[in-house]
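# Coordinates in review
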Amino acid sequence: MTGVIYKVAVPSPLRKSFDYTSTEAIADSCRVRVPFGNRKVVGVVLGAVEQSELPTGKLKPISEVIDRTPLIPANLFKLFIWAADYYQHPIGEALGAVFPARLRKGGDIPTAREPGWALSPHGKGLPADALKNAPRQQQLLNLLQTQGVVGRLQLEAAGLSSAIARELERKGLIEKTRVEPTTTAGSTAASEQSLPLYPQQQRAVAAITPETFGCYLLHGETGSGKTEVYLQAIRKLVEQRKQALLLVPEISLTPQTLDRFRRRFGNAIAALHSGLSDRERALAWEQARTGKASVVIGTRSAVFTPLARPGIIIVDEEHDGSFKQQDGYRYHARDLAVIRGQREGIPVVLGSATPSLESLHNCRQHRYRYLPLTGRAGSANHPEWQILDVKGMQLQQGLSEPLLQALDGTLEAGNQALVFLNRRGFAPTLTCQDCGWIANCHRCDARLTVHRNPNRLICHHCEHRPAFPSSCPFCHSARLAMLGQGTARTEAALQARFPKVPVLRIDRDSTRGKQAMSRMFEQVATGEPCILVGTQMLAKGHHFPEVTLVAIVDADAGLFSPDFRAAEKMSQLIVQVAGRAGRGSKPGRVILQSYHADHPFLQLLSQRGYTAISEQLLRERELAGLPPYAHMAVIRSESHQPADAEEFLRFARQTLEKLRKPQGNLNYLGPLPAPLEKRRGRYRYQLAITASERKTLNRLLFRLCQLLEGASISRKARWSVDVDPQDMS
Ligand code: ADP
Ligand code: ZN
Ligand code: ZN
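Sequence order as written defines residue numbering, which begins from 1 separately in each chain. Note on labels: chains are lettered from A, ligands numbered from 1, in written order. Given that this is a predicted model, residues contribute local features only at a pLDDT of at least 70 and side-chain atom pairs are listed and counted only at 80 or more, while totals for whole chains, interfaces and linings are drawn from all residues. Side-chain calculation: all heavy atoms of the structure are included, whereas hydrogens and water are not.

## So, the coordination of the zinc ion (ligand 3)
Angles between donor atoms at a metal ideally measure 109.5 degrees for a four-coordinate tetrahedral arrangement and either 90 or 180 degrees for a six-coordinate octahedral one. The criterion, for reference: Atoms are scored as donors when they are N, O or S and lie within 2.8 Å of the metal, with 3.2 Å used for Na, K and Ca; no water is included, so coordination may look incomplete. Sites are called tetrahedral only when four donors show all angles between 85 and 135 degrees, square planar or octahedral only when four or six donors show opposite pairs over 155 degrees and all other angles between 65 and 115, and irregular in any remaining case. Only DSSP runs of H or I with at least four residues qualify as helices, and only runs of E with at least two residues qualify as strands; both kinds are numbered from the N terminus onward. We call a residue buried when its accessible area falls under 20% of the maximum for its residue type, exposed when it is over 50%, and partly exposed in between, using a 1.4 Å probe and counting protein chains only.
Protein ligation of the zinc ion (ligand 3) involves Cys441 (SG), Cys444 (SG), Cys459 (SG) and Cys462 (SG), the donor distances falling in the range 2.2 to 2.4 Å. Taken together, the 4 donor atoms coordinating the zinc ion (ligand 3) and their angles of 107 to 112° define a geometry best described as tetrahedral. On the primary sequence, the residues serving as donors to the zinc ion (ligand 3) are separated as C-x2-C-x14-C-x2-C. Placement of Cys441 in the loop between β19 (429-432) and β20 (449-451) and of Cys459 in the loop between β21 (456-458) and β22 (480-483) is noted, with a sequence separation of 18 residues between them. Residue Cys441 shares its accessibility class with Cys459, and that shared class is buried.

## Some remarks on the coordination of the zinc ion (ligand 2)
Around the zinc ion (ligand 2), the protein contributes the donor atoms Cys432 (SG), Cys435 (SG), Cys472 (SG) and Cys475 (SG), which lie 2.3 to 2.4 Å from the metal centre. Around the zinc ion (ligand 2), the 4 donor atoms are arranged such that angles at the metal cover 105 to 112°; this shape is classified as tetrahedral. Coordination of the zinc ion (ligand 2) draws on donor residues from a single chain, spaced C-x2-C-x36-C-x2-C in sequence. Taken together, the positions of Cys432 in strand β19 and Cys475 in the loop between β21 and β22 put the pair 43 residues apart, joining distant regions of the chain. For Cys432, a relative accessible area of 2% translates into the label buried.

## A closer look at the packing of helix α1 (residues 74-86) against helix α12 (residues 333-344)
Put simply, the rule reads: Angles here are taken between N-to-C directions and fall from 0 to 180 degrees, while the axes themselves are lines fitted to C-alpha atoms, restricted in helices to the stretch in contact. Working rule for handedness: look at the near helix, and if it is turned counterclockwise from the far one by less than a right angle, call the crossing left-handed; if clockwise, right-handed. Here a residue-residue contact requires only that any non-hydrogen atoms of the pair lie within 4.5 Å. Side-chain classes are defined by residue name, with Ala, Val, Leu, Ile, Met, Phe, Trp, Tyr, Cys and Pro counting as nonpolar, Asp, Glu, Lys and Arg as charged, and the others, Gly among them, as polar.
Relative to each other, α1 and α12 sit at 145°, their axes nearing to 10 Å. Crossing geometry of α1 relative to α12 is assigned as right-handed. For the pair α1 and α12, the contacting residues are Asn75, Leu76, Lys78, Leu79, Trp82 and Ala83 in the first and Leu336, Ile339, Arg340, Arg343 and Glu344 in the second. The residue makeup of the contact of α1 with α12, split by class, is 6 nonpolar, 1 polar and 4 charged.

## Brief notes about helix α8 (residues 199-207)
Heads up, the rule is: Within this analysis, the arc is defined by the directions that extend from the helix axis to the C-beta atoms.
Those residues of α8 lying buried are Gln200, Gln201, Ala204, Val205 and Ala207. Down the axis of α8, the buried side of the element spans an arc of 165°, and every buried residue falls inside it. The outward face of α8, more than 90 degrees from its buried face, is lined by the exposed residues Pro199, Arg203 and Ala206. Lining the buried residues of α8 we find β10 (214-220), α9 (226-239) and β16 (368-373).

## Section: the pattern of salt bridges
Which entries qualify depends on this criterion: What counts as a salt bridge is simple: a side-chain nitrogen of Lys or Arg found within 4 Å of a carboxyl oxygen of Asp or Glu.
The full count for this structure, using the stated rule, is 33 salt bridges. In this structure, Arg289 engages Glu286 in a salt bridge whose closest nitrogen and oxygen atoms are separated by 2.9 Å. Of this pair, Arg289 and Glu286 both sit in helix α11 (residues 278-290), 3 residues apart, which is roughly one turn of that helix. Overall, Glu286 belongs to the buried group, its relative accessible area being 14%. Note that Glu568 and Arg621 form a salt bridge whose closest N and O atoms lie 2.8 Å from each other. Placement of the pair is Glu568 in helix α17 (residues 566-578) and Arg621 in helix α18 (residues 600-624), with a sequence separation of 53 residues.

Structural data, given as structure tokens:
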């Protein structure tokens with residue numbers, strides 16, 4: 001016998017763990033290095049077992065124990081294992097996702113220490129006024145005598161240069177050391193007081209009960225004061241030495257957001273966002289884990305961050321699609337946050353101006369507590385909504401004359417306007433006017449989008465960039481035309497029509513440089529008349545108080561989509577964009593341009609708002625037996641041969657039908673081609689399964705994955721399971 005047998009999760013697409021031996025006692029969740037195939041990989045210990053399926057002689061020993069003590073609290077680790085199981089994801093990959101990259105690769109926790117100075121033994125013996133002839137040196141000496149060490153920031157804050165420090169070092173009075181950054185943080189203490197809350201905010205903060213699990217849905221439009229509620233709920237807990245975890249969509253994790261939290265909580269904030277280096281990320285993670293950071297703010301994957309003293313979890317913009325990972329490990333950070341809160345026995349607050357149907361449903365079922373915010377007294381300037389019927393109208397670059405006149409009036413009155421169009425680029429289609437040829441991506445079922453300056457074609461699904469044709473490749477005609485509107489074309493059209501005002505385009509193409517975005521926001525902040533044109537980037541994060549007109553150029557997008565969530569997503573987007581208008585003292589106006597002006601959906605949205613739409617959509621979902629009234633999973637397959645992809649899913653469905661007889665409350669849809677049938681050269685199919693019970697579906701999927709993994713047909717197609725899918729494209 002060579003010691004204890006451990007189950008280890010290794011990074012592998014196989015849905016199983018592997019057994020290794022060790023003579024050391026290793027706690028669950030500790031990282032280890034193990035031989036795997038002909039490599040060494042970093043794995044995570046799941047636990048010790050009595051016996052292995054393999055004969056003991058065949059078991060390999062663990063090469064190295066990386067963590068002597070677990071980095072992850074036991075109950076959180078159990079949740080991580082549960083989540084891998086729930087989302088049917090291989091355990092090794094799922095556990096890899098919970099560590100920052102540096103630790104996942106086996107690296108150590110970086111020390112946060114920074115260069116600093118301390119007194120040398122000789123310096124310690126000096127009297128307090130020893131350097132009175134050199135006042136700056138004397139000042140540093142006294143600083144060190146009172147504080148023990150100083151870091152770079154403290155030196156700066158005291159107005160001392162590092163040359164002074166070097167001078168004292170040369171004299172042998174002080175020496176280099178390393179200091180904790182928290183000891184240098186005094187210069188950025190909290191500087192802002194809580195605002196006096198209005199009654200609904202007060203009620204919301206009071207309702208959030210500490211140290212008990214409860215889920216709260218804070219529903220209030222943009223500007224109604226949700227963030228102020230978060231800040232004060234967090235304050236309550238931080239005062240009791242607890243920590244807060246705040247999850248936000250990537251796009252809202254702006255310097256402005258962080259500044260707002262820093263003004264309240266000083267430097268006790270750790271931010272986990274995509275702009276960090278591996279080292280910085282690991283450091284922020286460690287500050288959360290050890291309890292140094294009182295407030296942890298991060299995007300989707302921050303839901304996995306361990307906290308030493310968990311107090312509250314808040315998910316802002318809880319309806320946002322970015323909380324669900326769309327590839328690989330397809331977890332939903334909002335849903336995991338709720339389960340985490342339950343396991344840690346702490347409150348979870350979900351906030352949104354347009355809550356997801358799931359969360360509204362949970363409120364109706366009394367699982368979540370509904371906390372409405374209808375806005376501060378005095379600032380309730382609700383915009384006026386108008387559906388502009390453009391049927392039969394002559395459009396100029398996609399814009400109708402009444403819309404252009406409304407823009408004109410807004411600018412004339414000295415106000416700003418926002419034009420929303422959810423399609424970037426110049427034009428979505430390049431076509432030949434002689435033979436009707438259309439420029440398609442040869443790898444996807446999609447048209448190539450025309451981009452300009454310089455002219456080029458880009459596929460928005462696979463980033464393919466073929467050369468721009470000088471003539472039709474089919475009939476050689478030179479009469480090529482660009483059809484349809486993208487934000488760049490709308491920008492050009494508006495600039496031509498309103499040459500005297502700045503037209504600022506905000507989309508992924510125009511904001512690539514960090515500077516570009518802030519320059520545009522500075523321009524908007526001057527309050528001078530201007531037109532903002534952009535995609536859904538405009539819907540989040542930023543407020544434009546001087547904007548009094550919001551124009552939605554294509555309100556019909558999403559009305560006729562095959563995705564059952566399309567109507568929900570579109571109304572959320574429209575309401576979020578509209579919510580940017582009239583937040584200042586001036587009343588706002590929202591215009592929806594549509595070819596289907598009498599569509600009941602648009603009518604309901606414009607007349608009665610998001611709550612009415614969500615009630616209608618919930619009724620439809622209930623009738624159709626769709627989430628949140630049923631639990632859903634989608635199995636996707638893709639292959640170079642469409643027949644292979646389809647055959648794989650037919651096999652999956654047959655397997656499911658055999659596994660569960662009678663079918664009872666299970667429903668299948670598919671195999672069907674995905675709405676975007678071909679992408680990156682592969683044909684894509686999907687099979688949707690709905691079940692009335694979550695457990696049934698979960699168990700069935702577990703068995704199915706095991707069987708599929710072993711089946712030879714699995715080699716013909718790439719496949720994946722998506723539990724609680726958000727995007728059906
Ligand atoms: P939301 O998060 O819902 O968009 P915020 O919390 O950002 O709303 O509030 C919008 C604006 O109103 C901010 O400028 C905020 O400082 C201010 N505000 C929020 N609550 C109050 C309050 N109780 N009294 C005064 N101003 C408030
Ligand atoms: Zn042609
Ligand atoms: Zn493509």
